[in-house]
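Notes for the structure review
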Amino acid sequence: MLQDRIRALTRDRLRGMRRGIEKESLRARHDGTLALTPHPAALGSALAHPSITTDFSESQLELITGTHTTVEACLAELMRIHQFVQRCLGEEMLWAGSMPCGLPDEREIPIGRYGASNVGRAKTVYRNGLAWRYGRRMQTISGIHYNWSMPGLGNAEYFALIRNFRRHGWLLLYLFGASPAACASFVDGREHPLQALKPGTLYLPHATSLRMGRLGYQSDAQSSLVVSCNDLESYGSTLQRGLTQSYKAYERIGVREPGAVGDAPDSYRQLSTTLLQIENEYYGKIRPKRRIRQGERPLHALRERGVEYVEVRLMDLDPFSPVGITAPVMRFLDTFLLHCLLSDSPPDTPADIACEARNQECVAARGREPALRLGCLPKDTGLQDWGERLLAECEPVAEALDAAHGGSAYRDAHAEQLAVLRDPARTPSARVLADMHRHGDSYLAFGLDLSRRHRALLLAHELPPDEVARFERVAQESLRRQRQIEAEDTLTFEEYRKQYLAVERLGT
């Protein structure tokens, strides 16, 4: 059946696959501590720039490519953005790893600021809510989001892909997880299961991705929200519950500071007391997405116009790459996503979803543990056996992609990951620990060395003058656009907040 579906794909559809990248990185100082400076003015407006913004923190850049039909074009744009950004950072650098650099006291981590407009203030208030709910340190973790689409797909096909990705995504944590260790400042004052590797560095010996485990993008509150991906209706209704039902722990936080009066910018603790303030707070490892119109809610856009692409969210930064990801990894992601699309995808159940979450947590914390077994199949099975089966099914997908594009790049990427599966020492997480050992088992020394190397490489390759001029024009235009947005506001922030969160705006 899988082979028949592969053969049914035309060359044009395979060549029409599109991918784009959103890459988060902390700005770090020369000593490996978090840069506490504002978002650099030379980069333009974090609110309105199409390619350069911030994520949770004012110190956390998010670099965004357009969508591309080739891996090479996507990577080339990502490199150009990095080159321009590094030139605007002065002595600062982009931190190479997913787990953060040296962090200050929790209260000193700066939350992103987006200006005086209602939409800009809402972005900051949302981040205030994340800080109150999960803590600022957790939000400083960085990663790569891989946005992927293919011509001719409808909602049913995209949700089938998503269900299979949730079942099998643990394999990507094993193959590409690159965060087995962290600076002790990340968990300062917090209970955790990590072991001391040396003073200042904590780790788990067989971990692949602390970022995607219990210490990372996880939420006990959200575990009560069982998000079904059987179709758009079930996904939307589940998400809407999280967006509209108040949550007692968040009621205790409150929307505003006690005794706040007027519309003071810093008087808001969160946008709402619901389980999810907005759609983006849902921590799924893959999400259905649709580009939104100005002022539109993401769930409304999905319901009105359907799924446009999927957003893969579980990829760690590759600390050995100056842009956080490589071409072979992108080609394997294309292969894996196409496999998820073409394979049989039975409906999910609450029990399936819970088992998939346990597998993710297990591989994130213990993925390189010998003879590790996972659940969810008719019976528990070994990680290696299950991985071999999946990669065997991916091989003809890689062959079909090479037939469409020419050459052997997809098969080579597949063969490389088969070798990684069979030899845990070749996984990025094992390579990180080995390289850390050469740096005295210090996570900060390891990350600082790579970050400095990447900074030097980015500065050594000159951007063409016309590219520099283009980036500068876009930065100035984004600042002009922010001023325009601020001038167009007619509502108070409280009126804006209530209107934006109104249930009618979620669609039906």
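Here the structure is shown first, and the text comes after it.
Residues numbered from 1 in each chain as written. Predicted model: local features only at pLDDT ≥ 70, side-chain atom pairs only at ≥ 80, totals over all residues. Heavy atoms only, no water.

A closer look at the overall build of the protein
Helix and strand counts for the protein come out as 18 helices and 12 strands. Its C-alpha radius of gyration of 22 Å places the protein within 12% of the 23 Å reference for a compact globule of 508 residues. Principal-axis analysis of the C-alpha atoms gives the protein an extent of 60 × 55 × 50 Å. Per-residue burial for the protein yields a buried fraction of 59% across its 508 residues. Residue pairs at least 24 apart in sequence account for 76% of intrachain contacts in the protein once pairs closer than 6 positions are excluded. Carbon and sulfur atoms make up 52% of the accessible area of the protein, which amounts to about 20,700 Å² in all. (Helix = DSSP H or I, 4+ residues; strand = E, 2+ residues; numbered from the N terminus. Rg over C-alpha atoms; globule rule 2.2 N^0.38 Å. Buried < 20%, exposed > 50% of the residue type's maximum accessible area, 1.4 Å probe, protein only. Contact = heavy atoms within 4.5 Å. Areas by Shrake-Rupley, 256 points an atom, 1.4 Å probe, with all protein chains shown as cover.)

Remarks on the pairing of strand β7 (residues 195-198)
Bridge count between β7 and strand β8 (residues 201-203): three bridges; the pairing is antiparallel. Each bridged residue has a counterpart across the sheet, and for Q195 the counterpart in β8 is Y203. Between β7 and β8, which pair antiparallel in sequence order, lie two residues; one of them, G200, sits at a positive phi of approximately 95°. (Pairing = 2+ DSSP bridges.)

Let's talk about the environment of Y309
With respect to the element layout, Y309 can be found in strand β10 (residues 309-316). When the C-alpha positions of Y309 and V432 are compared, they lie 32 Å apart, and in sequence the two are 123 residues distant. When neighbours within four sequence positions are excluded, Y309 is seen to be in contact with N147, W148, S149, Y158, R287, P288, K289, R290 and R291.

Considering the nonpolar core
Core analysis: the biggest nonpolar cluster contains 100 residues, and W148, M150, F165, I325 and L338 have the highest contact counts within it. Among the elements that make up this core, the one with the highest residue count is helix α11 (residues 327-342) (11 residues). Not counting residues up to four positions away in its chain, the partners in contact with I325 are I21, L75, L78, I144, D318, M330 and L333. One finds L34, A178, L204 and L433 within the second-largest nonpolar core, a separate group that totals 31 residues. (Core = buried A, V, L, I, M, F, W, Y, C linked by side-chain atoms within 4.5 Å.)

Some remarks on the pattern of salt bridges
Within this structure, the stated rule accounts for 33 salt bridges. Notably, a salt bridge pairs R290 with E308, separated by 3.9 Å at the nearest N-O pair. In this pair, R290 is assigned in the loop between β9 (286-289) and α10 (298-305) and E308 in the loop between α10 and β10, connecting sequence segments 18 residues apart. Note that E494 is salt-bridged to K498, the shortest N-O span being 3.7 Å. On the criterion of helical spacing, the pair formed by E494 and K498 is a turn pair, its members being four residues apart in helix α18 (residues 493-501). Judged by its relative accessible area of 19%, E494 falls in the buried class. The network of salt bridges with common partners includes R287, K289, E311 and R313. (Salt bridge = Lys/Arg side-chain N within 4 Å of Asp/Glu carboxyl O.)

Quick word on the environment of A28
Within the fold, A28 resides in strand β1 (residues 18-28). Taking relative accessible area as the criterion, A28 reaches 0% and is therefore assigned buried. Apart from residues no more than four positions distant in its own chain, A28 is found in contact with T33, A35, E92, M93, W95 and C101.

Focus on the pairing of β1
Most of β1 is tucked away, with 10 of its 11 residues classed as buried. Pairing of β1 with strand β3 (residues 60-64) involves five bridges; the strand directions are antiparallel. Each bridged residue has a counterpart across the sheet, and for E24 the counterpart in β3 is E62. Of the pairings in the sheet, the one linking β1 to strand β4 (residues 93-94) comprises two bridges and is antiparallel in character. Counterpart to R27 in the pairing with β4 is L94.

Observations concerning the side chain of S272
In this fold, S272 is placed in the loop between α9 (248-253) and β9. Among the polar contacts made by the side chain of S272, one reaches the side chain of T274 at a distance of 2.7 Å. Setting aside residues up to four positions removed in sequence, S272 forms contacts with R133, V255, Q277, R497 and L501. (Polar contact = N/O pair within 3.5 Å; in protein donor to acceptor, adjacent residues only side chain to side chain.)

Considerations on α10
Residues of α10 that are buried include every one of L299, A301, L302 and R303, and no others. G306, located one to two residues past α10, shows a positive phi value of around 85°.

Examining helix α12 (residues 350-366)
The end-to-end C-alpha distance of α12 is 24 Å, a good match for the 24 Å that 17 residues give at a rise of 1.5 Å each. Restricting attention to buried positions, one finds in α12 the residues I353, C355, E356, N359, Q360, C362, V363 and A364. (Expected span 1.5 Å × (residues − 1).)

Thoughts on the sheet that holds β8
Read from one edge of the open sheet, three strands run β6-β8-β7, paired in antiparallel fashion. Each edge of the sheet is formed by a strand with only one pairing partner; in this case those strands are β6 (181-183) and β7. With direction set aside, neighbouring strand axes in the sheet form an average angle of 40°. Pairing between β6 and β8: three bridges, direction antiparallel. (Axes fitted to C-alpha atoms, helices over the stretch in contact; angles between N-to-C directions.)

What about unusual backbone geometry?
A positive phi angle, close to 60°, is found at A371, a residue other than glycine. Relative to the helices and strands, A371 is located in the loop between α12 and β11 (373-374). The backbone of D441 sits at a positive phi, close to 60°, despite the residue not being glycine. Within the secondary structure, D441 sits in the loop between α15 (428-438) and α16 (443-460).

Worth remembering: the numbers are spatial, not functional.
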